[in-house]
Amino acid sequence: MEVIAFFAGAIGALGGAIAVIALRNPFYSVLALVVHLVSLAGLFLMLHAEFIAAAQIVVYAGAVMVLYVFVAAYVGGIEEPIWEPIPGQRLLAPLLVGALFVELSIAVLGTALSSLDAEGPTVQIGFGSPGQIGRLFLERFLVVFEASSMLLLVAAVGAIVLAGRRRDDDASATGRGHEAEAA
Amino acid sequence: MDVSWYLVLSALLFAIGAGGVLIRRSPLVILLCLELMLNAGNLALLAFSRANGNEDGQVFALVVMVVAACEVVVGLGLIVAMFRRRLPLNVDDMRELRG
(Lines give C-alpha, C1' and ligand atoms only; values in the text may rest on other atoms or scores of the structure.)
Protein backbone atom coordinates (compact mmCIF):
# COMPACT_ATOMS: atom_id res chain seq x y z
CA MET A 1 0.00 0.00 0.00
CA GLU A 2 2.76 2.39 0.94
CA VAL A 3 4.69 1.46 -2.19
CA ILE A 4 1.68 2.26 -4.35
CA ALA A 5 1.21 5.60 -2.64
CA PHE A 6 4.89 6.45 -3.05
CA PHE A 7 4.96 5.63 -6.74
CA ALA A 8 1.68 7.47 -7.37
CA GLY A 9 3.16 10.56 -5.73
CA ALA A 10 6.48 10.11 -7.51
CA ILE A 11 4.86 9.77 -10.92
CA GLY A 12 2.72 12.84 -10.26
CA ALA A 13 5.74 14.86 -9.15
CA LEU A 14 7.92 13.72 -12.05
CA GLY A 15 5.17 14.22 -14.62
CA GLY A 16 4.44 17.68 -13.30
CA ALA A 17 8.12 18.60 -13.33
CA ILE A 18 8.63 17.39 -16.90
CA ALA A 19 5.47 19.17 -18.02
CA VAL A 20 6.75 22.42 -16.47
CA ILE A 21 9.82 22.45 -18.67
CA ALA A 22 8.22 20.87 -21.76
CA LEU A 23 5.04 22.92 -22.22
CA ARG A 24 5.52 26.02 -24.35
CA ASN A 25 2.73 28.10 -22.84
CA PRO A 26 3.84 29.55 -19.45
CA PHE A 27 0.26 29.37 -18.20
CA TYR A 28 0.17 25.59 -18.65
CA SER A 29 3.59 25.37 -17.02
CA VAL A 30 2.18 27.04 -13.91
CA LEU A 31 -0.73 24.58 -13.84
CA ALA A 32 1.70 21.67 -14.21
CA LEU A 33 3.66 23.03 -11.27
CA VAL A 34 0.46 22.92 -9.18
CA VAL A 35 0.14 19.19 -10.00
CA HIS A 36 3.78 18.73 -9.01
CA LEU A 37 3.34 20.55 -5.70
CA VAL A 38 0.21 18.62 -4.73
CA SER A 39 1.92 15.30 -5.46
CA LEU A 40 4.91 16.41 -3.39
CA ALA A 41 2.56 17.29 -0.53
CA GLY A 42 1.36 13.68 -0.62
CA LEU A 43 4.96 12.48 -0.38
CA PHE A 44 5.55 14.86 2.54
CA LEU A 45 2.59 13.28 4.33
CA MET A 46 4.19 9.86 3.89
CA LEU A 47 7.34 11.24 5.53
CA HIS A 48 5.31 12.24 8.61
CA ALA A 49 5.62 15.94 7.83
CA GLU A 50 1.98 16.84 8.23
CA PHE A 51 2.39 20.53 8.90
CA ILE A 52 4.79 20.97 5.97
CA ALA A 53 2.33 19.17 3.68
CA ALA A 54 -0.50 21.47 4.76
CA ALA A 55 1.71 24.54 4.34
CA GLN A 56 2.77 23.29 0.92
CA ILE A 57 -0.85 23.10 -0.22
CA VAL A 58 -1.95 26.38 1.35
CA VAL A 59 1.11 28.55 0.73
CA TYR A 60 2.56 27.08 -2.44
CA ALA A 61 -0.25 25.51 -4.42
CA GLY A 62 -2.57 28.24 -3.16
CA ALA A 63 -0.98 31.63 -2.70
CA VAL A 64 2.27 31.48 -4.68
CA MET A 65 0.68 29.81 -7.69
CA VAL A 66 -2.09 32.41 -7.76
CA LEU A 67 0.65 35.04 -7.95
CA TYR A 68 2.26 33.15 -10.84
CA VAL A 69 -1.06 32.85 -12.67
CA PHE A 70 -1.65 36.60 -12.28
CA VAL A 71 1.77 37.44 -13.71
CA ALA A 72 1.43 34.90 -16.52
CA ALA A 73 -1.89 36.45 -17.46
CA TYR A 74 -0.53 40.01 -17.13
CA VAL A 75 2.58 39.41 -19.19
CA GLY A 76 0.76 37.23 -21.69
CA GLY A 77 2.30 34.59 -23.89
CA ILE A 78 6.05 35.02 -24.02
CA GLU A 79 7.21 33.69 -27.33
CA GLU A 80 10.52 31.91 -27.03
CA PRO A 81 12.80 31.84 -30.03
CA ILE A 82 12.79 28.63 -31.98
CA TRP A 83 16.44 29.05 -32.92
CA GLU A 84 19.04 28.33 -30.28
CA PRO A 85 20.81 31.41 -28.93
CA ILE A 86 23.78 29.30 -27.90
CA PRO A 87 24.66 26.60 -30.45
CA GLY A 88 24.05 23.09 -29.23
CA GLN A 89 22.27 24.30 -26.10
CA ARG A 90 19.27 22.01 -26.38
CA LEU A 91 21.53 19.08 -27.18
CA LEU A 92 24.03 19.69 -24.42
CA ALA A 93 21.56 20.47 -21.63
CA PRO A 94 20.06 16.96 -21.32
CA LEU A 95 23.56 15.49 -21.17
CA LEU A 96 24.55 17.85 -18.37
CA VAL A 97 21.27 17.12 -16.56
CA GLY A 98 21.91 13.39 -16.78
CA ALA A 99 25.40 13.89 -15.42
CA LEU A 100 24.02 15.98 -12.55
CA PHE A 101 21.47 13.28 -11.68
CA VAL A 102 24.09 10.53 -11.70
CA GLU A 103 26.39 12.64 -9.58
CA LEU A 104 23.70 13.45 -7.00
CA SER A 105 22.62 9.81 -6.84
CA ILE A 106 26.18 8.66 -6.30
CA ALA A 107 26.63 11.28 -3.61
CA VAL A 108 23.46 10.12 -1.83
CA LEU A 109 23.71 6.36 -2.24
CA GLY A 110 27.48 6.18 -2.07
CA THR A 111 27.52 7.46 1.48
CA ALA A 112 26.34 3.97 2.57
CA LEU A 113 24.59 5.46 5.55
CA SER A 114 22.76 2.52 7.06
CA SER A 115 19.85 4.71 8.09
CA LEU A 116 19.06 5.43 4.43
CA ASP A 117 18.23 1.80 3.71
CA ALA A 118 15.49 1.67 6.28
CA GLU A 119 12.24 3.46 6.83
CA GLY A 120 13.71 5.43 9.66
CA PRO A 121 13.03 5.03 13.36
CA THR A 122 9.55 4.72 14.74
CA VAL A 123 8.30 8.16 15.59
CA GLN A 124 6.00 9.09 18.38
CA ILE A 125 2.48 10.33 17.71
CA GLY A 126 2.54 14.00 16.86
CA PHE A 127 5.82 13.95 14.92
CA GLY A 128 5.66 16.85 12.49
CA SER A 129 2.35 18.12 13.80
CA PRO A 130 1.74 21.89 13.99
CA GLY A 131 2.16 21.79 17.75
CA GLN A 132 5.61 20.24 17.58
CA ILE A 133 6.81 22.51 14.78
CA GLY A 134 5.47 25.56 16.57
CA ARG A 135 7.20 24.56 19.77
CA LEU A 136 10.50 24.17 17.91
CA PHE A 137 10.04 27.50 16.16
CA LEU A 138 9.27 29.43 19.30
CA GLU A 139 11.86 27.82 21.53
CA ARG A 140 14.89 26.42 19.78
CA PHE A 141 14.67 28.27 16.46
CA LEU A 142 13.31 31.60 17.65
CA VAL A 143 16.06 33.61 15.93
CA VAL A 144 15.38 31.76 12.67
CA PHE A 145 11.69 32.51 13.02
CA GLU A 146 12.29 36.23 13.53
CA ALA A 147 14.86 36.37 10.72
CA SER A 148 12.43 34.76 8.27
CA SER A 149 9.72 37.22 9.23
CA MET A 150 12.13 40.10 8.58
CA LEU A 151 13.06 38.49 5.25
CA LEU A 152 9.40 38.30 4.23
CA LEU A 153 8.88 41.95 5.17
CA VAL A 154 11.92 43.07 3.17
CA ALA A 155 10.82 40.99 0.17
CA ALA A 156 7.31 42.49 0.26
CA VAL A 157 8.67 46.03 0.39
CA GLY A 158 11.17 45.22 -2.36
CA ALA A 159 8.48 43.82 -4.62
CA ILE A 160 6.37 46.96 -4.19
CA VAL A 161 9.37 49.15 -5.02
CA LEU A 162 10.27 47.02 -8.04
CA ALA A 163 6.85 46.62 -9.57
CA GLY A 164 5.30 49.87 -8.43
CA ARG A 165 4.18 52.28 -11.11
CA ARG A 166 6.50 55.24 -11.57
CA ARG A 167 5.34 57.87 -14.00
CA ASP A 168 8.78 58.93 -15.23
CA ASP A 169 9.68 55.30 -15.91
CA ASP A 170 6.66 54.76 -18.07
CA ALA A 171 7.24 57.93 -20.01
CA SER A 172 10.96 57.57 -20.53
CA ALA A 173 11.23 53.84 -21.14
CA THR A 174 10.62 54.05 -24.86
CA GLY A 175 8.71 56.30 -27.18
CA ARG A 176 5.64 54.16 -26.69
CA GLY A 177 5.17 55.19 -23.09
CA HIS A 178 2.55 57.79 -23.84
CA GLU A 179 0.41 55.36 -25.78
CA ALA A 180 0.29 53.08 -22.79
CA GLU A 181 -0.80 55.89 -20.53
CA ALA A 182 -3.51 56.86 -22.96
CA ALA A 183 -4.69 53.27 -23.09
CA MET B 1 9.61 2.69 1.66
CA ASP B 2 13.31 3.22 2.22
CA VAL B 3 14.48 6.76 2.66
CA SER B 4 16.91 6.35 -0.24
CA TRP B 5 13.98 6.18 -2.67
CA TYR B 6 12.93 9.66 -1.62
CA LEU B 7 16.49 10.91 -1.99
CA VAL B 8 16.84 9.52 -5.51
CA LEU B 9 13.47 11.05 -6.45
CA SER B 10 14.63 14.38 -5.07
CA ALA B 11 17.88 14.16 -7.08
CA LEU B 12 15.86 13.45 -10.23
CA LEU B 13 13.52 16.40 -9.59
CA PHE B 14 16.49 18.68 -8.95
CA ALA B 15 18.10 17.57 -12.21
CA ILE B 16 14.86 18.24 -14.12
CA GLY B 17 14.66 21.72 -12.62
CA ALA B 18 18.28 22.45 -13.52
CA GLY B 19 17.62 21.25 -17.06
CA GLY B 20 14.68 23.62 -17.31
CA VAL B 21 16.89 26.54 -16.30
CA LEU B 22 19.36 25.52 -19.01
CA ILE B 23 16.82 25.00 -21.79
CA ARG B 24 14.07 27.56 -21.29
CA ARG B 25 14.64 31.23 -22.00
CA SER B 26 11.56 32.88 -20.54
CA PRO B 27 12.21 34.36 -17.08
CA LEU B 28 8.80 33.22 -15.83
CA VAL B 29 9.51 29.57 -16.65
CA ILE B 30 13.01 29.87 -15.19
CA LEU B 31 11.44 30.98 -11.91
CA LEU B 32 9.15 27.95 -12.08
CA CYS B 33 12.21 25.74 -12.55
CA LEU B 34 13.83 27.33 -9.51
CA GLU B 35 10.71 26.32 -7.59
CA LEU B 36 11.21 22.76 -8.82
CA MET B 37 14.78 22.74 -7.51
CA LEU B 38 13.83 24.23 -4.13
CA ASN B 39 11.08 21.68 -3.70
CA ALA B 40 13.48 18.86 -4.54
CA GLY B 41 15.72 20.20 -1.80
CA ASN B 42 12.74 20.27 0.57
CA LEU B 43 11.96 16.65 -0.21
CA ALA B 44 15.54 15.67 0.61
CA LEU B 45 15.44 17.64 3.87
CA LEU B 46 12.23 15.94 4.94
CA ALA B 47 13.60 12.52 3.99
CA PHE B 48 16.69 13.11 6.12
CA SER B 49 14.52 14.40 8.95
CA ARG B 50 12.52 11.16 8.76
CA ALA B 51 15.68 9.06 8.63
CA ASN B 52 16.95 10.68 11.81
CA GLY B 53 13.60 10.77 13.58
CA ASN B 54 14.27 14.43 14.31
CA GLU B 55 12.07 17.41 13.46
CA ASP B 56 14.83 19.94 12.90
CA GLY B 57 14.86 19.14 9.18
CA GLN B 58 11.20 20.07 8.95
CA VAL B 59 11.91 23.49 10.43
CA PHE B 60 14.66 23.86 7.84
CA ALA B 61 12.18 22.93 5.09
CA LEU B 62 9.77 25.61 6.31
CA VAL B 63 12.55 28.20 6.17
CA VAL B 64 13.31 27.07 2.61
CA MET B 65 9.65 27.68 1.77
CA VAL B 66 9.89 31.20 3.23
CA VAL B 67 12.99 31.92 1.15
CA ALA B 68 11.26 30.52 -1.94
CA ALA B 69 8.27 32.78 -1.35
CA CYS B 70 10.57 35.82 -1.09
CA GLU B 71 12.40 34.82 -4.25
CA VAL B 72 9.11 34.44 -6.11
CA VAL B 73 7.84 37.83 -4.98
CA VAL B 74 11.02 39.67 -5.98
CA GLY B 75 11.39 37.70 -9.23
CA LEU B 76 7.82 38.32 -10.32
CA GLY B 77 8.23 41.99 -9.41
CA LEU B 78 11.27 42.11 -11.69
CA ILE B 79 9.34 40.44 -14.51
CA VAL B 80 6.48 42.92 -14.15
CA ALA B 81 8.99 45.80 -14.15
CA MET B 82 10.67 44.41 -17.28
CA PHE B 83 7.30 44.08 -18.98
CA ARG B 84 6.35 47.65 -18.04
CA ARG B 85 9.54 49.06 -19.49
CA ARG B 86 9.04 46.95 -22.62
CA LEU B 87 12.31 45.14 -22.20
CA PRO B 88 12.43 41.79 -23.99
CA LEU B 89 11.27 38.98 -21.73
CA ASN B 90 14.13 36.73 -22.72
CA VAL B 91 17.09 36.08 -20.47
CA ASP B 92 19.52 35.94 -23.39
CA ASP B 93 18.67 39.51 -24.36
CA MET B 94 19.31 40.83 -20.85
CA ARG B 95 23.06 40.92 -21.01
CA GLU B 96 23.97 44.51 -20.22
CA LEU B 97 25.98 43.53 -17.15
CA ARG B 98 27.95 40.96 -19.07
CA GLY B 99 30.91 43.28 -19.62
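Scroll up to find the structure.
Since the model is a prediction, treat every value here as computed from it, not as a measurement.

1. Notes on the interface of chain B and chain A
Next up, step 1: With 63 residues of chain B in contact, the opposing surface of chain A contributes 75 residues.
Next up, step 2: Elements supplying a minimum of two residues to the side of chain B that touches chain A: α1 (3–23), α2 (27–52) and α3 (56–84) of chain B.
Next up, step 3: Ranked by the residues each element gives to the side of chain B that touches chain A, the list is headed by α3(B), at 21 residues.
Next up, step 4: Taken together, the residues of the side of chain B that touches chain A break down into 44 nonpolar, nine polar and 10 charged.

2. Some thoughts on the packing of helix α1 (residues 2–22) of chain A against α1(B)
Next up, step 1: Viewed as axis vectors pointing N to C, α1(A) and α1(B) meet at an angle of 10°, and their least axial separation amounts to 9 Å. By the angle between their axes, α1(A) is roughly parallel relative to α1(B). For the pair formed by α1(A) and α1(B), the contact residues are Phe6(A), Ala10(A), Ala13(A), Leu14(A), Ala17(A), Ile18(A), Val20(A) and Ile21(A) on the first element and Trp5(B), Leu9(B), Leu12(B), Leu13(B), Ile16(B), Gly17(B), Gly19(B), Gly20(B) and Ile23(B) on the second.
Next up, step 2: Residue composition of the contact of α1(A) with α1(B), grouped by class: 14 nonpolar, three polar and no charged.

3. Examining unusual backbone geometry
Next up, step 1: Phi is positive for His48(A), which is not a glycine, with a value near 60°.
Next up, step 2: Here His48(A) is to be found in the loop between α2 (26–46) and α3 (50–75).
Next up, step 3: Owing to 20 C-beta atoms within 10 Å, His48(A) belongs among the buried residues under this scheme.
Next up, step 4: At Arg86(B), a residue that is not glycine, the phi angle is positive and equals roughly 60°.
Next up, step 5: With respect to the element layout, Arg86(B) can be found in the segment after α3.

Rules behind the numbers
- Residues numbered from 1 in each chain as written.
- Chains lettered and ligands numbered in written order.
- Predicted model: local features only at pLDDT ≥ 70, side-chain atom pairs only at ≥ 80, totals over all residues.
- Contact = placed C-beta atoms within 7 Å.
- Helix = DSSP H or I, 4+ residues; strand = E, 2+ residues; numbered from the N terminus.
- Nonpolar A, V, L, I, M, F, W, Y, C, P; charged D, E, K, R; others polar.
- Axes fitted to C-alpha atoms, helices over the stretch in contact; angles between N-to-C directions.
- Parallel < 35°, antiparallel > 145°, perpendicular 65-115°, else oblique.
- Buried ≥ 20, exposed ≤ 12 C-beta atoms within 10 Å, placed from the backbone.

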